[in-house]
Amino acid sequence: MHIVGVPPSAILGSLRARWGLVDSIVTVWGGDVVIWAADVRGGHDKKDRRIARIARDVVRDRIALCFYDAELRDDPALRRSCSDRHVLDGVIDRWKAGQRLDGSKVSVGRADIVFSLRMRWKLIDSRVTEENIIIWTADVAGRGKKARRVARIVEKIRHSREKLEEDQNGIVVDRFEEWEGKVCRLGERLARRIEIRNDSNVDVLCTVKGDVARQRGFVIDGDLDFELRGGCSREIVVSFRATQMGVKKSIISFDFRSIDFNDDENSVDEFTIVRYIHLRVGDPDDYDILKPSSPYAKTKNRFFDGDKFSNPERVVQHAGTTAPFAQTLAKYPIPPELLKLAAFERDAIVKKFDGMFRGEDEEFVDARYEKIDYSSYLNVKKYAICMKNLLWMEEFQMRVYFDSYFLMQISYTFYVGGAVDIKTYDLVNAPLLREGRAHYKLLVPGLAESRPSVLRGDKILIRDTGGSKYEGVVHRTSQEYAIMDLPRSFDRTFIDGLRVDVRFTFSRTTLRTSHQALAKIAETTTNEESQLGRTMFPRLMGTRPLNAMNARIIRPNQLNYYNRTLNQEQQTAVVGIVQSVARPAPYLIYGPPGTGKTVTLVESILQTILAAGSNPDSKILVCAPSNTAVDVVVERLSVVITEPRQMLRLVAFSRDKATVPDNILKYANYDEDKDCFTNPEADVIKRYQIVAVTTSYAGRLPNLGVLHHFTHVFIDEAGHSVECEAIGCLALTTKQSTSNPPVTVLAGDPKQLGPIIRNDIAKAFGLEKSLLERLSQLEPYARSEESDSLGNHYNTNMITKLVRNYRSHSKILDIPNRTFYDGDLIAEAEMIRSHRFVDWEHLPQKGFPIIFHGVEGEDMREANSPSWFNPDEAQYVKMYVDLLVKDTRKNRCKPEDIGIIAPYHKQVQKIRMILGAHGYKDCKVGSVEEFQGSERPVIIISTVRSTVDYIQFDKTHKLGFLANEKRFNVAVTRAQSLLIMIGNPLTLENDSNWESMIDYVINGGGYTGVEYKKKDPRNNAGSSIENVIRGIHVDNSDDEDTFVGVSHVAGQEGPAWRSEE
């Protein structure tokens, strides 16, 4: 019946007043909720609870839909970004903050919003719990009903195993318990009889569906379609032969239906029982070494610990244990208002920074979700304020930890404690031993790998069982032990083996010197014509450039080179630096992998002080971000500069003498009497023509009294330095002269690893971009499509790109050359080195020295470590080392010729364990960062991330930082003559760089391992999958647990953030 002219309010009023069908109408979150009488019967208390529950659910659903409509419905790009649960959580938080600013209180949590979007509104199609991946209904709407159904069922198979394996209706199917987690050896054959038994009185038909299992290499023998009478049983045999190492997972489904559907008493509805298969192929003994030490469990929050380590008793400092500054270094603490914003209003701080960089008049763009090059908005006037705020955000990451639940209970209360990163290394109930008469020894797991980084002079906080707190000072380190001084009062209660809680600390000195440099810039750079202004923001040279520093040198052939092997581009760079007509704009030596940038830098330094016509009063500061890189430059300079009185290697107090090479030590500031490196007087430092120091230590030179002194600054590996540290080498130490400004030279590769930055907001606003990379993107350093007569595409008065690669075989160089270097690189490595393995007997394709070994492995975590490892890939690494060192007729190599790179620290540890167990301790195993600047004849890369599913269908993989293009570039350019990559191609194909590499290797004939087809049509719900899962019922009302993701930053567990001193 159609009622015309009756308004809805009248109908609702009648249902409530006349018929009593509506119990009440409740107004919640901007709308009315109807409470039906039938839903709230059963007493007053029960009614109240039911009304409250209904109202709460309606509020939740309305808020969830409001969020989706406001943020995601009309923004497909943002919706795709929100496939990552971490990103989705951030967008929800941003939206909730906006609602608060508009006066609306949003009391629903992120997990409730996600639940409602999936269960109430069906806007989320599926959720991959293990990977924290959201699949949106709007993004799969074009698949068709069949594909969407398959996707939902596959999701159920992944996460509802217990329910699907249940025996039903008196039917019992044997399981594969004996195979569960079993490690079988290569070549081994397994067979399992599976009994299907009918303990009921109902006769059924059984269909065994094993297409998916067959695709994974399992063989099913026996009748697969049969009648099963009550009280009877049948058998099938499932067998498997191990041909490749890795993980094998699959399912076999058993569909049952009644024979006689007309007999209601002796029939059952159709149902399916699923049996899961999970086994591993490899060496059982090796897997015992590699398997998780214990199940993974998140680290409990021990950061919010109040005053656990506050106000400790301190050591009385003695002469030689500290190195005071001649000039005071200010503190530069994080401003309280910024600290509060960073802790409680992250949306507000992003908006604040966006306005700071782009201008308050620009429409707000959230840097966390939209990639913007904020460095392009920097100028002289806003540089210092922007950079110091980013530096404070990075320090915030180091210093402060907040518990999100606790913050809900308090209002603008914050706790400033030790470093977030370094707190992860806290020790609980650790034994403390006596070392000699005056010191104490503490075992620090991971110390040998700088996890944590503990140096001489660092402070360590101790808390004993009685609650007394002490601050120790590190005297020295030895392997895994930190030897320290503690207050004398500690000795009165100490007994050997005393158990203590330990917290490590970090020094703010490098942060403070960076702020000091920024303060100087703020004082002196009022316009772009100032000396520092033109150094940091170079412009194209006008018609009247400065005179050349050395007017006698005009062409490369006019120099008498100390290194006679320099190529054309290297000589061009040396002449450009010697002339320096563009100063104070920096000169860039753009050095892709293996092109000899350090050789060029060293020659430039020598020519600057020794070439005919050079200025004898030149004072040169040589810097690099690491001690190793500085030592390399000094070692090469020492071939020509043999007199220690000409060159000073200034070493920090914290460095261990044993780590300084003997041929470097004679140039260093080591004091034999005090047995440490000391700070020389400023007058002593100024006597040397060359001073070599880390970028971190260079920032302290003004505080040692070395001000406005140097005429030249050379920074090697400049792409790896934080920009503020690099500026610290320039702002206060160089001579200030408009007519004759200092020369700045930066050598490095902006396409390789940049500085390590932890804070996501600081990253988003550009702190992870080095000075070298930022400058290389400015117009004066831009690449031209046209080249000069010598083939240069750059203005050689400003920059020289080195293009001759002396490291790698041309095939190894091909992909990075085309991807990152415009195809400019020329392979000129000596054939005896680069072609060493072109005919290696284990190459899939002779003449193509690259292997990609496809592995279906399983990434894992263990204990409290968030870092990933993959035991299957580790076994393949060991296999290839065996082949290279032992199992080959020719071209054998030594273990030290092999480098092994893994992106996760836990995988590095596991590979070291397995190789050490087989006598290969001399193989270098490390992260990508540890291999920057180094090379090996053979490089093996383990990519780690891989998830093998029971059904491979539309699986979205999360690569995390493995997809970082700079890490990819560094990893694949370390090999001289053989590159072996081990990984799951189905995972890696989701990244464009890895996809290109896999395609390249396949086309070159270098692919081996698991069968792989690019962009496999598995995404289209193949008929074999549909056939296997046809009988599996999907219950869309499943109430699933909410899930919490592991931070992608924590998952990396990369190298320490502290700068080398």
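The rules behind each value
- Residues numbered from 1 in each chain as written.
- Predicted model: local features only at pLDDT ≥ 70, side-chain atom pairs only at ≥ 80, totals over all residues.
- Heavy atoms only, no water.
- Pairing = 2+ DSSP bridges.
- Helix = DSSP H or I, 4+ residues; strand = E, 2+ residues; numbered from the N terminus.
- Axes fitted to C-alpha atoms, helices over the stretch in contact; angles between N-to-C directions.
- Contact = heavy atoms within 4.5 Å.
- Buried < 20%, exposed > 50% of the residue type's maximum accessible area, 1.4 Å probe, protein only.
- Core = buried A, V, L, I, M, F, W, Y, C linked by side-chain atoms within 4.5 Å.
- Salt bridge = Lys/Arg side-chain N within 4 Å of Asp/Glu carboxyl O.
- Phe/Tyr/Trp six-rings, centres within 6.5 Å; stacked < 30°, edge-to-face > 60°.
- Lys NZ or Arg CZ within 6 Å of the ring centre and 35° of its normal.
- Patch = residues over 30% accessible without salt bridge, like charges linked within 9 Å, V, L, I, M, F, W, Y side chains within 5 Å.
- Areas by Shrake-Rupley, 256 points an atom, 1.4 Å probe, with all protein chains shown as cover.
- Parallel < 35°, antiparallel > 145°, perpendicular 65-115°, else oblique.
- Nonpolar A, V, L, I, M, F, W, Y, C, P; charged D, E, K, R; others polar.
- Polar contact = N/O pair within 3.5 Å; in protein donor to acceptor, adjacent residues only side chain to side chain.

The next thing to look at is the sheet that holds strand S37 (residues 1007–1009). In space, the 6 strands of this open sheet follow the order S34-S33-S35-S36-S32-S37, with parallel pairing throughout. What marks the edges here is a single partner per strand, and that holds for strand S34 (924–926) and S37. Neighbour-to-neighbour, the strand axes of the sheet open up by a mean angle of 20 degrees, direction not taken into account. Of the pairings in the sheet, the one linking strand S32 (residues 850–854) to strand S36 (residues 975–983) comprises 5 bridges and is parallel in character. Looking at S36, one finds that Ile850 is bridged to Leu979. Against the sheet, helix H32 (residues 965–972) contacts strand S33 (898–901), strand S35 (936–942) and S36, and its axis sits at roughly 140 degrees relative to S35.

Within a beta sheet, neighbouring strands are joined by backbone hydrogen bonds and run either parallel or antiparallel to one another. Pairing is antiparallel across the open sheet formed by 4 strands, whose spatial order is S5-S7-S11-S9. Each end of this open sheet is capped by a strand with a single partner; those strands are strand S5 (171–173) and strand S9 (218–221). Averaged over all neighbouring strand pairs, the angle between strand axes comes to 15 degrees, with direction disregarded. Strand direction decides the pairing type here: S9 and strand S11 (residues 233–241), joined by 4 bridges, are antiparallel. Across the sheet, residue Phe218 finds its bridge partner in S11, namely Phe240.

The subject of this paragraph is unusual backbone geometry. Residues Arg583 and Pro584 are joined by a peptide bond in cis, for which omega reads 10 degrees. Within the secondary structure, Pro584 sits in the loop between helix H18 (568–579) and strand S21 (587–590). Its identity as a non-glycine residue notwithstanding, Asp822 has a phi of 55 degrees, on the positive side. On the secondary structure map, Asp822 appears in the loop between helix H27 (810–820) and strand S31 (826–827). With phi around 75 degrees, Val944 is a residue other than glycine that occupies positive phi space. Structurally, the position occupied by Val944 is in the loop between S35 and H32. The exposure class of Val944 is buried, given its relative accessible area of 0%.

Now for the nonpolar core. Leu621 and Met981 are the most contacted members of the largest nonpolar core, which totals 107 residues. Once residues lying within four places of it in the same chain are set aside, the contact partners of Leu621 are Val691, Val693, Ala698, Leu701, Phe710, His712, Val713, Phe714, Cys729 and Thr733. Formed by 34 residues, the second largest nonpolar core is a distinct cluster that contains Tyr587, Ile664, Phe714 and Val745.

Turning our eyes to something else, we now look at the pattern of salt bridges. Tallied over the entire structure, the rule returns 60 salt bridges. Of the charged contacts, one joins Asp366 and Arg94 as a salt bridge, the two residues approaching to 3.5 Å between their closest N and O atoms. With Asp366 in the loop between helix H11 (346–358) and helix H12 (380–399) and Arg94 in helix H4 (residues 85–101), this residue pair connects regions lying 272 residues apart in the sequence. Between Arg358 and Asp354 there is a salt bridge, with the nearest N and O atoms lying 3.0 Å from each other. Of this pair, Arg358 and Asp354 both sit in helix H11, 4 residues apart, roughly one helical turn. For Arg358, a relative accessible area of 13% puts it in the buried group. Look at Asp354 and you get buried, because its relative accessible area is 2%. One salt-bridge network, held together by shared partners, links Arg161, Glu165, Arg175 and Glu180.

What follows covers the pairing of strand S10 (residues 225–228). What you see with S10 is a clean split: Phe226 and Leu228 sit on the buried side and Asp225 and Glu227 on the side with no burial. Direction of pairing for strand S8 (residues 204–209) relative to S10: antiparallel, over a ladder of 4 bridges. When the sheet's bridge partners are listed, Val204 is paired in S10 with Leu228.

This paragraph deals with the packing of aromatic side chains. Each aromatic ring pair is specified by the distance between its two centres and by the angle formed by the two planes. In total, this model carries 26 aromatic pairs according to the counting rule given. Judged by centre distance (6.4 Å) and plane angle (80 degrees), the ring pair of Tyr590 and Tyr794 falls under edge-to-face. With Tyr590 in strand S21 and Tyr794 in the loop between helix H26 (771–776) and strand S29 (799–801), this pair connects stretches of sequence that are 204 residues apart. Exposure class is identical for Tyr590 and Tyr794. Each is buried. Between Tyr1007 and Tyr1012 the ring centres are 6.2 Å apart and the planes differ by 35 degrees, which places this aromatic pair in the tilted class. As far as burial versus exposure is concerned, Tyr1007 and Tyr1012 are alike and both buried. Ring pairing ties together the aromatic residues Tyr590, Tyr794, Phe820, Tyr821, Phe968 and Trp994, which thus form one cluster. The ring of Tyr481 is capped by Lys441, whose NZ or CZ atom sits 4.7 Å from the centre of that ring. A cation over an aromatic ring shows up here: Lys924 above the ring of Phe931, its NZ or CZ 4.6 Å from the ring centre.

Counting through the fold element by element, Asp631 comes out in helix H20 (residues 627–637). Overall, the relative accessible area of 6% leaves Asp631 in the buried class. For the pair formed by Asp631 and Pro661, sequence separation is 30 residues and the distance between their alpha carbons is 8.1 Å. Discounting residues that sit within four places of it in the chain, Asp631 has contacts with Arg649, Arg655, Pro661 and Ile664.

Moving on to a nonpolar patch on the surface. On the surface, Trp19, Leu21 and Trp36 cluster together to form a nonpolar patch covering roughly 350 Å² of accessible area. Mapped onto the elements of the fold, Trp19 is located in the loop between helix H1 (8–17) and strand S1 (22–28).

A separate point is the packing of helix H10 (residues 336–344) against H11. Between H10 and H11, whose axes approach to 5 Å, the crossing angle comes to 120 degrees. The angle between H10 and H11 places the two elements in the oblique class. For the pair H10 and H11, contact is made by Leu338, Leu341, Ala342 and Phe344 and by Arg346, Ala348, Ile349, Lys352 and Phe353, respectively. Along the lines of polarity and charge, the residues of the contact of H10 with H11 split into 7 nonpolar, no polar and 2 charged.

On to the side chain of Asn969, then. For Asn969, the position within the fold is in helix H32. By relative accessible area, Asn969 is classed as buried at 0%. Side-chain polar atoms of Asn969 contact the side chain of Tyr821, separated by 2.9 Å. If sequence neighbours within four positions are ignored, Asn969 has contacts with Asp749, Lys751, Gln752, Pro816, Phe820 and Tyr821.

So yeah, pure geometry; function would need other evidence.
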